[in-house]
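# Summary of the model geometry
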Amino acid sequence: MPVRARYAYLTPLEDKTREQLAQGISVIAIDGPVAAGKTVVGRKLAQNLGFAYLDTGVMYRAVTWLALQCGTSVEDGSALGKLARSNPVAIEGSEGSRVLVAGHSLGPELRESSVDTNVSAVAKASPVRKELVAQQRQIAAQGKIVMIGRDIGTVVLPDADLKIYLTASPAKRAQRRWQEMRDRGQEVELETVLSETLARDEIDSNREDSPLRPAPDAWELNTDGLSIEQVVQKIIDRSNSL
Ligand code: DC
């Protein structure tokens, strides 16, 4: 089975939107902080273009979940790297949000608060990043993909045809994250979500390996007050203006 099929999924083609996209755009990188709208925008953009979609965050979450299950310390970078190397992550299902790792099919488990709390520590570990970045590049090599994360434009795919850096105010991002958690039945205070969101931003932005930051040639787009459709349209317009 081709590697791509194990990791990413192809979405239906909408010829009209695809024709609107500038010729030659094949690899799209979307980065940004927690809850800036990357997932929903990236998925919708991929659907419109008939591109594959890969949320690289679920790969770091899968390794975190596995480490917690196995009792591997999230501070032990070398053990985490071995775990990631011996358990490649595969994306399952049409939404790209279920993950297969070490024979476990994971969905809501990837969003458990234990994973939320520990994933930034795991994502800091260079041996884990090295392994997952290699997997991500292999997937992107076939083109026609929207890949989202924190380091896609800076590290994973520095030659991407289009790089987007999505932002939103911390209050808006915490509100989105809080709503997502409530929708999943998790009872949590908005204030707690805001402080956890800021704490994760802090770790992601200040780690040594591949910190969260816009690539010098990324287009920064603040999504406050914009609908998903408006953000997707702005990205398509941007690609046409290149
Ligand atoms: O996008 P998310 O919240 O699912 O990401 C989970 C964690 O993984 C978060 O701490 C950032 C990290 N991550 C990363 O370091 N690099 C990526 N390409 C994707 C996610």
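Residues numbered from 1 in each chain as written. Predicted model: local features only at pLDDT ≥ 70, side-chain atom pairs only at ≥ 80, totals over all residues. Heavy atoms only, no water.

Mapped onto the elements of the fold, Asp204 is located in helix H10 (residues 190–206). Each residue touching Asp204, except ones within four places of it in the same chain, is listed here: Ser120, Arg150, Pro211 and Leu212. (Helix = DSSP H or I, 4+ residues; strand = E, 2+ residues; numbered from the N terminus. Contact = heavy atoms within 4.5 Å.)

So, on to the nonpolar core. Across soluble globular proteins, nonpolar side chains have a tendency to be buried as a group. Ranked by size, the top nonpolar core spans 39 residues in total, and within it Val89, Val128, Ile145, Met147 and Leu157 carry the most contacts. Ranked by residues supplied to this core, first place goes to helix H4 (residues 57–70) with eight residues. Val41, Leu45, Ala46 and Ile236 belong to the second largest nonpolar core, which has 20 residues in total. (Core = buried A, V, L, I, M, F, W, Y, C linked by side-chain atoms within 4.5 Å. Buried < 20%, exposed > 50% of the residue type's maximum accessible area, 1.4 Å probe, protein only.)

By the burial criterion, the buried members of helix H6 (residues 113–124) are Val115, Asp116, Val119, Ser120, Ala121, Val122 and Ala123. The inward-facing, buried residues of H6 abut H4, helix H5 (77–86), helix H7 (126–140), helix H9 (170–183) and H10.

When pLDDT is averaged along the protein chain, the result is 88, and 89% of the positions lie at 70 or above. When mean pLDDT is taken per element in the protein chain, H5 scores highest with 98 and helix H1 (residues 3–7) scores lowest with 40. (pLDDT = per-residue confidence, 0-100.)

Time to look at the side chain of Ser210. Positionally, Ser210 belongs in the loop between H10 and strand E9 (219–222). In this structure, Ser210 is in contact with Arg129, Asp151 and Val155, ignoring residues within four places of it in sequence.

Further remarks concern the pairing of strand E3 (residues 52–55). Neither face of E3 is left uncovered, since the one carrying Ala52 and Leu54 and the one carrying Tyr53 and Asp55 both have all their residues buried. As paired strands, E3 and strand E7 (residues 145–149) are joined by four bridges and run parallel to one another. Counterpart to Ala52 in the pairing with E7 is Ile145. (Pairing = 2+ DSSP bridges.)

A word on the pairing of strand E5 (residues 98–101). Residues Val99 and Val101 point to one face of E5 and are all buried, whereas Arg98 and Leu100, pointing to the other face, are not buried. The pairing of strand E4 (residues 90–92) with E5 spans three bridges and is antiparallel. Bridging across to E5, Glu92 finds its partner in Arg98. Taking the residues between adjacent antiparallel strands as the criterion, E5 and strand E6 (residues 104–106) are bridged by two residues, where Ala102 takes a positive phi near 50°.

Here we come to the site of the ligand. As a matter of local geometry, the ligand sits amid 16 residues, with Arg61, Arg129, Asp151, Arg200 and Arg207 nearest to it. Between an oxygen atom of the ligand and a side-chain N or O atom of Arg200, the distance comes to 2.6 Å. Arg207 places a side-chain nitrogen or oxygen 2.7 Å from an oxygen atom of the ligand. Bound to the protein, the ligand loses 95% of the 450 Å² it would expose on its own. For the shell around the ligand, the secondary structure elements donating two or more residues are H4, H6 and H10. Tallied by class, the residues present in the shell around the ligand amount to four nonpolar, four polar and eight charged. (Near = heavy atom within 4 Å. Polar contact = N/O pair within 3.5 Å; in protein donor to acceptor, adjacent residues only side chain to side chain. Areas by Shrake-Rupley, 256 points an atom, 1.4 Å probe, with all protein chains shown as cover. Nonpolar A, V, L, I, M, F, W, Y, C, P; charged D, E, K, R; others polar.)

Now for the packing of helix H3 (residues 38–49) against helix H11 (residues 228–240). Contact geometry of H3 with H11 gives a least axis separation of 9 Å together with a crossing angle of 60°. One finds that H3 runs oblique with respect to H11. Like other packed secondary-structure pairs, H3 and H11 cross with a definite hand, here right-handed. The segment H3 lies against H11, with Val40, Val41, Lys44, Leu45 and Asn48 engaging Ile228, Glu229, Val231, Val232, Ile235 and Ile236. Its residues placed into classes, the contact of H3 with H11 shows eight nonpolar, one polar and two charged. (Axes fitted to C-alpha atoms, helices over the stretch in contact; angles between N-to-C directions. Parallel < 35°, antiparallel > 145°, perpendicular 65-115°, else oblique. Left-handed = near helix turned anticlockwise from the far one by under 90°.)

Quick look at the environment of Ala52 now. Along the chain, the position of Ala52 falls in strand E3. Judged by its relative accessible area of 0%, Ala52 is buried. Distance from Ala52 to Gly42, taken between C-alpha atoms, is 10.0 Å for residues ten residues apart in sequence.

Enumeration according to the criterion identifies eight salt bridges in this entry. The partner of Asp204 in a salt bridge is Arg150, and the shortest N-O contact between them spans 3.5 Å. Separated by 54 residues along the polypeptide, Asp204 in helix H10 and Arg150 in the loop between E7 and helix H8 (152–156) bring together distant segments of the chain. Residue class for Asp204 comes out buried when judged on its relative accessible area of 4%. With a relative accessible area of 17%, Arg150 lands in the buried category. Several salt bridges converge on common partners, so that one network encompasses Arg61, Asp116, Arg177 and Glu180. (Salt bridge = Lys/Arg side-chain N within 4 Å of Asp/Glu carboxyl O.)

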